[in-house]
Amino acid sequence: MAKSMYLLWGSGSPPCWRLMITLEEKKLQGYKQKLLSFEKEEHKSKEVLEINPRGQLPTFKHGDNIINESTGACLYLENQFKSQGNKLIPDSPAEQALMYQRMMEGLTLIEKLNLVAFYDFYAPEGERHDSALKRHKENLVTELKLWESYLENVAADRYLAGGFSLADVVVFPSVAYAFRYGLSVERYPKLAKYYSLLKDRPSIKATWPPKWFQIEQRSESLKDI
């Protein structure tokens, strides 16, 4: 079944990573894939635009089915392959509700991280203002403190919604990205513990962004948050 899947992805992208983690969790290794460069703007290539007119990564096909929004693709794979690999949506209504809540809140987390970590990229030079960056940083601090409270009871068998679920698939790459870009372990100990508990999970290790192995790629853009 995996041979009928095709993924175009970029290294270091949390949306790409969450989809790749799901494919690993569902034992769908062996899918066709191609690593593209954001720096070379290969995500705007004809090959991508033919499948994804937004010119974004990931770009994903399963047979004739196209689903490029990463969170939607994760849900799609779990629903199509429920009996294969690891179960990523809990049965308990309470845990399921919490999973969907944290899963969707994870999209807000990555948005606020991006507004700080890549402020110079998102704001053209003539439109950059110290007051705007300050506001983005304050909003991010508030967001991170909220996640610290969510992870108050994090443990090896208790993650965002009980056991490992799609909530963790969506959120973990953003947490890893935050620490990659200099987020303080001391100021955010619960997030740091969560990161440490999950970073060696087989599906996460197998899909770890290759360019993150290059020390010189590291940034400190979040060190003061």
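Every residue gets a number counted from 1 within its own chain, in the order that chain's sequence is written. A pLDDT threshold of at least 70 governs which residues receive local features in this predicted model, and a stricter bar of 80 or more applies before side-chain atom pairs are shown or counted, although totals over entire chains, interfaces and linings include all residues. Hydrogens and water molecules were not included; the side-chain quantities draw on all heavy atoms of the structure.

Draft legend 1. Up close: the sheet that holds strand 1 (residues 5–10). Within the open sheet, the four strands sit side by side as 2-1-3-4. Their pairing is mixed. Edge strands, defined here as strands with exactly one partner in the open sheet, are strand 2 (32–36) and strand 4 (65–66). One bridge is not enough; two strands pair if DSSP finds at least two bridges between them. Only DSSP runs of H or I covering at least 4 residues are called helices, and only runs of E covering at least 2 are called strands; the numbering of each starts at the N terminus. One ladder, built from four bridges, connects strand 1 with strand 3 (residues 59–62); its direction is antiparallel. Residue pairing in the sheet places Tyr-6 in a bridge with Lys-61 of strand 3. In this analysis, two residues are considered to be in contact whenever any of their non-hydrogen atoms come within 4.5 Å of each other. Orientation is described by axes fitted as lines to C-alpha atoms, over the contacting stretch for helices, and by angles from 0 to 180 degrees between their N-to-C directions. Each of strand 1, strand 2 and strand 3 touches helix 1 (residues 14–25); the most contacted strand, strand 1, lies at about 145° to it.

Draft legend 2. Quick look at the packing of aromatic side chains. Stacked, edge-to-face and tilted are the three classes for Phe, Tyr and Trp ring pairs, Trp counted by its six-membered ring, which pair at centre distances within 6.5 Å; planes under 30 degrees apart are stacked, over 60 edge-to-face, the rest tilted. A full pass over the atoms with the stated rule returns nine aromatic pairs. Centroid distance Trp-147 to Tyr-150: 5.2 Å. Interplanar angle 85°. Geometry classified as edge-to-face. One end of the pair is Trp-147 and the other is Tyr-150, both in helix 6 (residues 130–150) and three residues apart, which spans about a single turn. For every residue, the accessible area (1.4 Å probe, protein chains only) is compared with the maximum for its type, and the residue is labelled buried under 20%, exposed over 50%, or partly exposed between those bounds. Given the relative accessible area of 1%, Trp-147 is considered buried. Given the relative accessible area of 23%, Tyr-150 is considered partly exposed. When the ring of Phe-172 is compared with that of Tyr-195, the centres are 5.8 Å apart and the planes differ by 5°; the resulting orientation is stacked. You can see Phe-172 sitting in helix 7 (residues 166–180) and its partner Tyr-195 sitting in helix 8 (residues 189–198), a full 23 residues away along the chain. The pair Phe-172 / Tyr-195 is uniform in exposure class, with both members buried. Within the aromatic cluster, the residues linked to one another by ring pairs are Trp-17, Phe-172, Phe-179, Tyr-194, Tyr-195 and Trp-208. Placement of a charge over a ring requires the Lys NZ or Arg CZ to be within 6 Å of the ring centre, with the centre-to-atom vector within 35 degrees of the ring normal. The cationic tip of Arg-102 hangs over the ring face of Tyr-150; the distance from NZ or CZ to the ring centre is 3.5 Å. When the ring centre of Phe-164 is taken as origin, the NZ or CZ atom of Arg-201, which lies over that ring, is 3.7 Å away.

Geometry only, nothing functional implied.
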